[in-house]
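Structural description and commentary
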Amino acid sequence: LMDELGTVPGPELVALHERLISGEAPVRAAPAAPATAPTPPSDLVERDAELAAIDRLLARVRAREGAVALLEGPAGIGKTRLLSELRRRGEAAGAVVLEARAGTLGRENGSGVARPLFEPLVGDRELFDEQAASARDVLVDVAASITAGDRSFAALHGLYRLTANLAARGPVVLCVDDLQW
């Protein structure tokens, strides 16, 4: 773990390693849940602090205070799995959860990650009031929004208003994986 991920194993992993080295019988895990059931958080070994932070974040969201979390670390350390747990817990808490994965292709156009993130909302006309109308170009017709000239401020303002309109209804969780792209 130190060599590949730059982290020190926690006490649970050290104890498991010692049991394996000593030849003790390993502690058997419970049978896996059926594939249709959500993955239980028990697969998140030694992530108590991160899960507690997620729970605090969601408490702030439910209290309509707003919050931002950034999951960062080297490749393979479990950021995507933690983001998945945030989504699962957000949905369980009754929040609207929107998600997208950033990539190199999104950097080539003005819509970036906004289109996959907000596209599920396009059919909800109540969200697209007059101030959020410019967001529809980004979400529905990217080519038209690009050829219409530099309307980036209008598009960003429209996306902001769209998000504000959605948040006025209740808790919202926006999850973007691979944001570095």
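All values reported here derive from a predicted model rather than from experimental measurement.

Another point: the overall build of the chain. Along the backbone of the chain there are eight helices and two strands. Ordered by position from N to C terminus, the α and β elements of the chain give α-α-α-α-β-α-α-α-α-β. When burial is assessed residue by residue, the chain has 26% of its 181 residues classed as buried. When contacts within the chain are restricted to residue pairs at least 6 apart in sequence, long-range pairs at least 24 apart make up 67% of them. Approximately 11,900 Å² of the chain is accessible, and the part contributed by carbon and sulfur atoms is 57%.

So, on to the pattern of salt bridges. What the rule picks out here adds up to twelve salt bridges. The residue E65 makes a salt bridge to R60 at a minimum N-O spacing of 3.3 Å. For E65, a relative accessible area of 53% translates into the label exposed. Via salt bridges that share partners, D55, R81, E85, R88 and R89 belong to a single interconnected network.

So, on to helix α4 (residues 79-92). Spanning 14 residues, α4 covers 20 Å between terminal C-alpha atoms, matching the ideal 20 Å at 1.5 Å per step. Next to the buried residues of α4 lie α3 (48-62), β1 (96-101) and β2 (172-177). Positive phi shows up at G94, right after α4, with a value of about 90°.

A separate point is the side chain of D177. Assignment of secondary structure puts D177 in strand β2. A relative accessible area of 9% means that D177 is categorised as buried. Excluding residues that lie within four positions of it along the chain, D177 makes contacts with T80, L83, A100, R101 and A102.

What follows is about unusual backbone geometry. Unusually for a residue other than glycine, E46 sits at a positive phi of about 55°. Judged by relative accessible area, E46 falls into the partly exposed class, the value being 29%. For R64, which is not glycine, the phi torsion reads 65° and is therefore positive. With respect to the element layout, R64 can be found in the loop between α3 and α4.

Now for the confidence of the model for the chain. Chain-level pLDDT for the chain is 77 on average; 68% of the residues reach the 70-or-more range. Scored below 50 in pLDDT, residues 29-40 makes five contacts in the model with residues more than four places away or belonging to other chains.

The computed volume of the largest pocket comes to approximately 900 Å³. At the level of secondary structure, the elements contributing two or more residues to the lining of the largest pocket comprise α3, α4, α8 (152-169) and β2. Among the elements that line the lining of the largest pocket, the one with the most residues is β2, at six residues. Tallied by class, residues from the lining of the largest pocket come to 18 nonpolar, five polar and six charged.

So, on to the packing of α3 against α4. Running from N to C, α3 and α4 point in directions that differ by 40°, and their axes come no closer than 10 Å. The pairing of α3 with α4 is recorded here as oblique in orientation. Both α3 and α4 take part in a crossing whose hand is right-handed. Residue-level inspection shows E50, L51, I54, D55, L57 and L58 of α3 in contact with α4, the latter providing L82, E85, L86, R89 and G90. The residue makeup of the contact of α3 with α4, split by class, is six nonpolar, one polar and four charged.

Turning our eyes to something else, we now look at the side chain of R87. Along the polypeptide, R87 turns up in helix α4. Using a relative accessible area of 16% as the deciding quantity, one classes R87 as buried. Excluding residues within four positions of it along the chain, R87 makes contact with V97, E99 and C175.

About the criteria used
- Residue positions are counted from 1 within each chain, in the order its sequence is given.
- Two thresholds apply to this predicted model, a pLDDT of at least 70 for residue-level local features and 80 or more for giving and counting side-chain atom pairs, whereas whole-chain, interface and lining totals are computed over all residues.
- Hydrogens are left out, water is left out, and the side-chain values use all remaining heavy atoms of the structure.
- Numbering of helices and strands runs from the N terminus; a helix is a DSSP stretch of H or I covering at least four residues, while a strand is a stretch of E covering at least two.
- Here's how the labels work: a residue is buried when its accessible area is under 20% of the maximum for its type, exposed when over 50%, partly exposed in between, all with a 1.4 Å probe on protein chains only.
- Any two residues whose heavy atoms approach within 4.5 Å at even a single point are treated as in contact.
- Computed by Shrake-Rupley with a 1.4 Å probe, the accessible areas treat only the displayed protein chains as cover when residues are assessed.
- For this document, the term salt bridge refers to a Lys or Arg side-chain nitrogen within 4 Å of an Asp or Glu carboxyl oxygen.
- In a helix, the anticipated span is given by 1.5 Å times the number of residues less one.
- A score between 0 and 100, pLDDT records how confident the predictor is in each residue.
- In this analysis, the protein atoms alone were mapped onto a 1 Å grid. Cavities are point sets where a 1.4 Å probe fits without being able to get out; pockets are open sets with protein on both sides within 12 Å along at least five of seven lines; lining residues have an atom within 4 Å of a point.
- Grid points are joined across faces, edges and corners, and a volume is the space filled by probe spheres set on the points.
- Amino acids are sorted into nonpolar (Ala, Val, Leu, Ile, Met, Phe, Trp, Tyr, Cys and Pro), charged (Asp, Glu, Lys and Arg) and polar (every other residue, Gly among them).
- Angles here are taken between N-to-C directions and fall from 0 to 180 degrees, while the axes themselves are lines fitted to C-alpha atoms, restricted in helices to the stretch in contact.
- Angle categories: roughly parallel below 35 degrees, roughly antiparallel above 145, roughly perpendicular from 65 to 115, and oblique for all the rest.
- In this scheme, a crossing is called left-handed if the near helix is turned counterclockwise away from the far one by less than a right angle; it is called right-handed if the turn is clockwise.

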